[in-house]
Amino acid sequence: MGTRTQQRHPLIRGYLRELDLALAELPSEKAVELRQQITAHLQDAVPPRASADEVATILGRLGPPGELAADAAAGAAPQARTAVAVRRLGARLRRARWQSWVLAAIVALVLAAGAGRVIQFATAPLLQQGDTDGWVYARDYNREVDTQADEAQQTTVPIRSGQLQGLYLNVSNPSDFTETVLGLAPGSIPFGNAVVRVSEPNPEIDFGGAVANARYALPENVPPGQFRMVEVLWRSSLCLAKGAQVGIQQIQLRVRVGWLVKTDTIRLFAGFYLSGPSQGTCRSRP
Amino acid sequence: MTELRRGVLGPCVLALLELRPRFGLELVRDLAASDGLLTSDGTVYPLLNRLRDAGLVTSEWRDEEGERARRYYSITAAGQEALAAFRADWTQFAATVGGVLNHLQGDAHIAPDGGR
């Protein structure tokens, strides 16, 4: 009588692995049945403590697994390609060594951790306005007009066409990750070609010009829980008629959070507006 | 010859099962005892499954004392009918083929001179 001991013989294990692969082409119930028949045959045919030569002879008489499967397939219904591919993959997985499973588990863990990290980055809150904003240049600051209508605040200064104008605002990072300001989103500022820079930590803030003395850089990091000053400068190029105004209610920054680059729309407490008539050099009308 | 061998293997299995039910290795050994009938032991199993699908053979698990459970194959009534039909056909077929082969063999002996 045969026992499971014979099934552990390396030659038999190898034969059954090959058979599993070859049987992937068959409908599963046919494959399982033939696998059981061949296993039972080997349990009966291989005596206990059989030598490698004896086992090899028995396996040789049984015939190559591929031929066996082909013989069985001749009477079986054809399988859908997908089903065959899935079964073949299953057979390959079953014959994988434990090292392969460990490797696969490590890869799966890394992927899961990576996916979790990406989700954290994707859902992290972005930079938001702090408690300070204003016009960069004293000439504008001194001429600003603050208005409020329907709970919407607005600060307006005369446009100085062809000259540098700018605004600053304090931003905070409410997330658990360092966020890096990379630049302005295209089309974010309608007054002219604008550039954005971010201050070094804790700049001295003095309305109307002193803040401009701080050191600025781009790209620049804003660590979790910290504040930075964001300065936006442009050379005003619009041509505004008397009484006309152009303004912004938000600023869009490109911000990197971990592995992701996102567009951060910062809603401003007060809209920044330029009003006509234009004086100096202007090129385009809004 | 391989095709002929494959063609007659099914009826030979039925003939063995007609005597008594057998388990897989038993069938293989009985068939292997007839020289040249079995090209490889494994071919018996797909054949048994085809015979079962055709309703010519059934199988059941038997748990005999002191032995592990084995699957025994038995011939069905339909299998017996098919076997009887094959026997009749085979007898006639073998006689026909034998007659032709023997006749050609006789011709082959006289052909070298008779052909001139």
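Basis of the calculations
- Residues numbered from 1 in each chain as written.
- Chains lettered and ligands numbered in written order.
- Predicted model: local features only at pLDDT ≥ 70, side-chain atom pairs only at ≥ 80, totals over all residues.
- Heavy atoms only, no water.
- Helix = DSSP H or I, 4+ residues; strand = E, 2+ residues; numbered from the N terminus.
- Buried < 20%, exposed > 50% of the residue type's maximum accessible area, 1.4 Å probe, protein only.
- Contact = heavy atoms within 4.5 Å.
- Salt bridge = Lys/Arg side-chain N within 4 Å of Asp/Glu carboxyl O.
- Pairing = 2+ DSSP bridges.
- Axes fitted to C-alpha atoms, helices over the stretch in contact; angles between N-to-C directions.
- pLDDT = per-residue confidence, 0-100.
- Parallel < 35°, antiparallel > 145°, perpendicular 65-115°, else oblique.
- Core = buried A, V, L, I, M, F, W, Y, C linked by side-chain atoms within 4.5 Å.
- Left-handed = near helix turned anticlockwise from the far one by under 90°.
- Nonpolar A, V, L, I, M, F, W, Y, C, P; charged D, E, K, R; others polar.
- Buried area = accessible area lost by both parts, 1.4 Å probe.
- Polar contact = N/O pair within 3.5 Å; in protein donor to acceptor, adjacent residues only side chain to side chain.

## Let's talk about the overall build of chain A
In step 1: Along chain A, the regular secondary structure elements total eight helices and eleven strands.
In step 2: Across the 286 residues that make up chain A, the buried fraction comes to 42%.
In step 3: Within chain A, counting contacts between residues at least 6 apart in sequence, those at least 24 apart form 79% of the total.

## Some remarks on the pattern of salt bridges
In step 1: The full count for this structure, using the stated rule, is 14 salt bridges over all chains.
In step 2: A salt bridge links Arg70(B) to Asp44(A); the shortest N-O distance between them is 2.9 Å. With Arg70(B) in strand β3 (residues 70–75) and Asp44(A) in helix α3 (residues 28–45), this pair bridges two chains. By the burial criterion, Arg70(B) is buried, and Asp44(A) matches it.
In step 3: Put simply, Arg61(A) and Asp41(B) hold a salt bridge, and the shortest N to O gap is 3.4 Å. Taken together, the residues span two chains, with Arg61(A) in helix α4 (residues 52–62) and Asp41(B) in the loop between α2 (24–33) and α3 (44–53).
In step 4: Judged by relative accessible area, which is 9%, Asp41(B) ranks as buried.

## Section: the sheet that holds strand β2 (residues 57–62) of chain B
Residue and element names in this part refer to chain B.
In step 1: Taken in spatial order, the three strands of this open sheet run β1-β3-β2, and their pairing is antiparallel. Every other strand in the sheet has two partners, leaving β1 (22–23) and β2 as the edge strands with one partner each.
In step 2: Pairing of β2 with β3, which is carried by six bridges, proceeds in the antiparallel orientation. Its bridge partner being in β3, Val57 is matched across the sheet by Ile75.
In step 3: On the sheet, helix α1 (residues 2–19) packs against β1, β2 and β3 and is oriented at approximately 100 degrees with respect to β3.

## A short note on the confidence of the model for chain B
In step 1: Confidence in the prediction for chain B averages 84 pLDDT; 88% of positions are at 70 or higher.
In step 2: Every residue in residues 110–116 of chain B scores below 50 in pLDDT, and together they form zero contacts with partners more than four places removed in sequence or on other chains.

## Here we look at the packing of α3(A) against α2(B)
In step 1: It is at 8 Å that the axes of α3(A) and α2(B) come closest, and there the two elements cross at 70 degrees. Between α3(A) and α2(B), the interaxial angle falls into the category roughly perpendicular. Together, His41(A), Asp44(A) and Ala45(A) of α3(A) and Leu25(B), Val28(B) and Arg29(B) of α2(B) make up the contact between the two elements.

## Examining the nonpolar core
In step 1: One finds Ile38(A), Leu42(A), Val13(B) and Leu31(B) to be the most contacted residues of the largest nonpolar core, which totals 44 residues.
In step 2: With six residues, α1(B) is the largest single contributor of residues to this core.
In step 3: Beyond its immediate stretch of four places on either side in the chain, Ile38(A) contacts Tyr15(A), Leu16(A), Leu19(A), Leu62(A), Leu68(A) and Tyr45(B).
In step 4: Grouped together as the second largest cluster of nonpolar side chains are 33 residues, Ala124(A), Val157(A), Val181(A) and Phe191(A) included.

## Notes on the packing of helix α2 (residues 10–22) of chain A against helix α5 (residues 65–73) of chain A
Residues and elements named next belong to chain A.
In step 1: The N-to-C vectors of α2 and α5 enclose an angle of 35 degrees; their axes lie 8 Å apart at closest approach. For α2 against α5, the interelement crossing comes out right-handed. Residues Tyr15, Glu18, Leu19 and Ala22 of α2 touch α5, and the partners they reach there are Pro65, Gly66, Leu68 and Ala69.
In step 2: The class makeup of the residues in the contact of α2 with α5 is six nonpolar, one polar and one charged.

## Structural notes on the interface of chain A and chain B
In step 1: Between chain A and chain B, the residue contacts involve 19 residues of the former and 21 residues of the latter.
In step 2: Summing both partners gives a buried area of about 1700 Å² for chain A against chain B, and 45% of it is carried by carbon and sulfur.
In step 3: When the area that chain A buries against chain B is broken down by residue, the three leading residues are Gln37(A), Asp44(A) and Asp71(A), summing to 33%.
In step 4: The interface formed by chain A and chain B contains six salt bridges.
In step 5: Across the salt bridge formed by Asp71(A) and Arg50(B), the nearest N and O atoms sit 3.5 Å from each other.
In step 6: Between chain A and chain B we count ten residue pairs in polar contact (both at pLDDT 80 or more) in total.
In step 7: Among the elements of the structure, α3, α4 and α5 of chain A are those that each provide at least two residues to the side of chain A that touches chain B.
In step 8: The residue makeup of the side of chain A that touches chain B, split by class, is eight nonpolar, six polar and five charged.

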